[in-house]
Amino acid sequence: MKSRVLVIDDEAAIRDSLRMILEYEDYQFVGAASGQEALDLIRRERPDIVLLDIKMPGMDGMEVLRKLRSVDETLPIVMISGHGNTATAVEAIRSGAIDFLDKPLSSERVIVTLRNVLRQSELTSENRDLKVAMESKYELVGQSPALRNVLEAVTRAAPTNATVLLLGESGVGKELVARTIHRNSPRASQRFVQVNCAAIPEELIESELFGHEKGSFTGATEKQVGKFEQADRGTIFLDEVGDMSQKTQAKVLRVLQEQEVERLGSARTIKVDVRVIAATNKNLEEAIERGEFREDLFFRLNVIPIIVPPLRERREDVPRLVQHFAKRTAEEHNLKPKKFDPSAMDALSRYRWRGNIRELRNTVERLLIMAPSEVVRVEDLPPEIRSGEPARVTMATEPDVPAKTGESVAPGAGTLREFKDAAERAYLVQKLRENNWNISRTAELIDTPRSNLYKKLEQYGIKQEVDG
């Protein structure tokens, strides 16, 4: 499709000259002899780029530029002048022009400028679309009182640099809240760096967070910049912060206090300007009593605590969330959109989602892919949702988790996949019990990397049992 170029110049000879240049290079030419004529044309059909003369009778080019900017601030405009000077060019750029051309116009210079500006405009548009898509992906969906309380807290916290601690069960959307805080903060144009503290092996987490110098330890073949340095002037999100070792906690505390990091193998400190948002599904005050979490770090993190509610406390948001996830799934997998029968939606709303929003999203994705018709009905739902009773994939703190691997596992599981998941979960709980919930020893005995075991604990919502 030909790019549409609007030329605004009161001299007919200039317009004719540019018409020949543009049409020869396969551009669509549109001409206007005055600013008012150009404004009328733009209101009817938007051009891809504007070439605008500065010196014109009546409404001059600078006034036209400002009016065009008020109509469409994304429209790329290149100024043309036969009396140009540096001051004029600077004023034009400050007023929103993309580039500046001097008369007499060289055909080569005109075409090169057009190509560069159109390419830049295309990239800007793509970036804008990607940003909109990303914001949609990380959108907080719902209008329940519980979610409104969270959003009100986010509104107050976002414009500040205060540290935020997000509290809530696994799968409730703590990452989405963290991204919303960042997106609405003065740091929005800078990086948002996420670290899952539970998924990184203990021997590597310090290197991940603070970086290391080449040769600082076995395997350190290259210098690595840590996450705190990467997040300089932006935001770092420490997810599952309660899983950090005492040694790492001490170093994070120093970053919060001094705003500086020290790479492994280096004696030099590096100043960083980082906003910290932390999240956990653990009770940190109980962890402090058990000696597992530093009290001074807790006070540093707990400047603005925000509790993110579980889905069972905002059931009225389920229909909106279902529609949101259905739309996203259809787009991501190139599927035809599907509707949900009212009775199916009612069953989804009544169900007690142990995995919270993460579990709901996965369920909607499966239904859109596997449901045979264009309307999802009650009979398409998993058995546990139809019955309103969660499948027997029980929490580690519940007394009816099988104590022996030979016992029956997940009799309510509706599919082979669900049965396998339940069996794996029961096996992991039993092995953790046998090893007094020592993660490293359990991982070694069952011959799996510790990082993989952490991921399984998060996947199945396994939490350490506490006696009494």
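Residues numbered from 1 in each chain as written. Predicted model: local features only at pLDDT ≥ 70, side-chain atom pairs only at ≥ 80, totals over all residues. Heavy atoms only, no water.

**Topic: the side chain of Arg 263**
Thinking step 1. Note that Arg 263 resides in the loop between β11 (260-262) and β12 (269-271).
Thinking step 2. At 2.8 Å, the side chain of Arg 263 and the side chain of Glu 229 are in polar contact.
Thinking step 3. Apart from residues lying up to four places away in sequence, Arg 263 is in contact with Phe 210, Gly 211, His 212, Glu 213, Lys 223, Gln 224, Val 225, Glu 229, Arg 268 and Ile 270. (Helix = DSSP H or I, 4+ residues; strand = E, 2+ residues; numbered from the N terminus. Polar contact = N/O pair within 3.5 Å; in protein donor to acceptor, adjacent residues only side chain to side chain. Contact = heavy atoms within 4.5 Å.)

**Quick look at the confidence of the model for the protein chain**
Thinking step 1. Per-residue confidence for the protein chain gives a mean pLDDT of 85; residues scoring 70 or more make up 89%.
Thinking step 2. Helix α5 (residues 107-137) is the least confidently modelled element of the protein chain, averaging 75 in pLDDT, while strand β6 (residues 164-167) averages 97, the highest of any element. (pLDDT = per-residue confidence, 0-100.)

**Describing the sheet that holds strand β7 (residues 192-196)**
Thinking step 1. In space, the five strands of this open sheet follow the order β7-β10-β13-β6-β14, with parallel pairing throughout. The sheet terminates laterally at β7 and β14 (304-307), the two strands that pair on one side only. Pairwise comparison of adjacent strand axes, ignoring direction, gives a mean angle of 20° for this sheet.
Thinking step 2. Of the strand pairs in this sheet, β7 and strand β10 (residues 235-239) are connected by five bridges, and their pairing is parallel. Residue Val 193 lies in a different strand from β10, and its bridge partner there is Ile 236. (Pairing = 2+ DSSP bridges. Axes fitted to C-alpha atoms, helices over the stretch in contact; angles between N-to-C directions.)

**Description of the pairing of strand β1 (residues 4-8)**
Thinking step 1. Where burial is concerned, most of β1 is hidden: five out of the five residues are buried.
Thinking step 2. Because side chains alternate across β1, one face comprises the buried residues Arg 4, Leu 6 and Ile 8, and the other comprises Val 5 and Val 7, equally buried.
Thinking step 3. Judged from the five bridges that link them, β1 and strand β2 (residues 28-32) form a sheet pairing that is parallel. Its bridge partner lying in β2, Val 7 is registered against Gly 31.
Thinking step 4. Note that the unit made of β1, helix α1 (residues 12-24) and β2 has a crossover that is right-handed.
Thinking step 5. In terms of strand pairing, β1 meets strand β3 (residues 49-53) through four bridges, oriented parallel. Across the sheet, Ile 8 pairs through a bridge with Leu 52, a residue of β3. (Buried < 20%, exposed > 50% of the residue type's maximum accessible area, 1.4 Å probe, protein only. Right-handed = clockwise from strand over helix to strand, strands pointing away.)

**Topic: the environment of Ile 49**
Thinking step 1. With respect to the element layout, Ile 49 can be found in strand β3.
Thinking step 2. As for Ile 49 and Ser 121, which are separated by 72 residues in sequence, their C-alpha atoms are 9.0 Å apart.
Thinking step 3. Setting aside residues no more than four positions away along its own chain, Ile 49 makes contact with Arg 4, Val 5, Leu 6, Pro 76, Val 78, Leu 114, Val 117 and Leu 118.

**Here we look at the side chain of Ser 81**
Thinking step 1. Structurally, Ser 81 is set in strand β4 (residues 77-81).
Thinking step 2. When its relative accessible area of 4% is taken as the criterion, Ser 81 is described as buried.
Thinking step 3. Excluding anything up to four places from it in sequence, Ser 81 contacts Asp 53, Ile 54, Phe 100, Leu 101, Asp 102 and Lys 103.

**Considering the packing of aromatic side chains**
Thinking step 1. Under the criterion given, the structure shown has four aromatic pairs.
Thinking step 2. Ring geometry for Phe 210 versus Phe 228: centroids 5.7 Å apart, planes at 5°, classification stacked. On the criterion of sequence distance, the pair formed by Phe 210 in helix α8 (residues 202-210) and Phe 228 in helix α9 (residues 227-230) is long-range, its members being 18 residues apart. Of the two residues examined, Phe 210 and Phe 228, each falls in the buried class.
Thinking step 3. Summarising the aromatic geometry, the rings of Phe 298 and Phe 299 are spaced 5.7 Å apart at their centres and angled 55° between planes, so their arrangement reads as tilted.
Thinking step 4. Using a relative accessible area of 9% as the deciding quantity, one classes Phe 298 as buried.
Thinking step 5. What makes Phe 299 exposed here is its relative accessible area of 54%. (Phe/Tyr/Trp six-rings, centres within 6.5 Å; stacked < 30°, edge-to-face > 60°.)

**Quick notes on helix α2 (residues 35-44)**
Thinking step 1. Burial in α2 covers these residues: Gly 35, Ala 38, Leu 39, Leu 41 and Ile 42. One side of α2 carries all its buried residues, which in axial view fall inside an arc of 160°. For α2, exposure combined with an orientation more than 90 degrees from the buried face picks out Arg 43 and Arg 44. (Arc of directions from axis to C-beta.)

**Describing the sheet that holds strand β5 (residues 99-102)**
Thinking step 1. What the five strands build is an open sheet, ordered β2-β1-β3-β4-β5; its pairing is parallel. Whereas interior strands pair on both sides, the edge strands pair on one side only; in this sheet they are β2 and β5. Taken over all neighbouring pairs, the strand axes of this sheet differ in orientation by 20° on average, direction set aside.
Thinking step 2. This element, α2, spans β1, β2 and β3 of the sheet and lies at about 135° to β2.

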